[in-house]
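Chain by chain, the residues run as shown.
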Amino acid sequence: MTRPFKCRCIKSEPQIGYFKPRGIPLTSLEEVNLTLDEFEAIRLADLEGLYQEEAAEKMKVSRQTFGNIINSAHNKIAEAIINAKAIKIEGGVYKMTNMRKFKCSDCNHSWELPYGTGRPQVCPECKSKNIHRAEEDRGCARTNRSSGYGRGKCGRAIK
Ligand SMILES: [Zn+2]
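Here goes a summary of the coordinates provided. What you see is a predicted model, and the numbers here were worked out from it, not measured in a lab.

Structural notes on unusual backbone geometry
Residue asparagine 108 is not a glycine yet carries a positive backbone phi of 70 degrees. When you line up the elements, asparagine 108 lands in the loop between β6 (99-104) and β7 (110-114). The backbone of lysine 127 shows a phi angle near 65 degrees, a positive value even though the residue is not glycine. Residue placement: lysine 127 occurs in the loop between β7 and β8 (131-134).

This is the structure:
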């Protein structure tokens, strides 16, 4: 039943979720739906200029999967520009990479929790209460936004 889930980690959501061609009323516009993972792929590969290997690594997908995502993104953007369609940016299978990172001062264990789960009381390794928030906030968090995608586990052990 459950399809295998590929975590597509994204760093940020777009500031603007909708682009439309000037001079065409919304009612007569067709739109393409760029998903947030496609948006992130564009950001990494086209804006930041990363190689696909690096960008794939950042999104925690295979290079081939990244290739598929970016191809799809390019197609949609091309279609919007060439055929004067609006671009709606939302949905997709992705996770936000905003995590809180904690560290245990006693055993040096560090771990991450997504936002909204509350602060841990003890270290999961040694049960020490001597834990603190680590500065570096990275990793993959589950997100419940958009169209209900985003199931699965991700974000274990970030280097
Ligand atoms: Zn500990």
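Description of the sheet that holds strand β4 (residues 86-89)
The strand order across the open sheet formed by three strands is β2-β4-β3, and the pairing between neighbours is mixed. A single partner strand is all that each edge strand has here, and the edge strands are β2 (18-19) and β3 (31-34). The pairing of β2 with β4 spans two bridges and is antiparallel. Bridge pairing links tyrosine 18 to lysine 88 in β4. Those strands touched by helix α1 (residues 36-47) are β3 and β4, and its axis lies near 75 degrees from that of β3. The sheet contacts of helix α3 (residues 63-82) involve β3 and β4, and relative to β3 the element is tilted by about 155 degrees.

Parameters and conventions
- Residues numbered from 1 in each chain as written.
- Predicted model: local features only at pLDDT ≥ 70, side-chain atom pairs only at ≥ 80, totals over all residues.
- Heavy atoms only, no water.
- Helix = DSSP H or I, 4+ residues; strand = E, 2+ residues; numbered from the N terminus.
- Pairing = 2+ DSSP bridges.
- Contact = heavy atoms within 4.5 Å.
- Axes fitted to C-alpha atoms, helices over the stretch in contact; angles between N-to-C directions.

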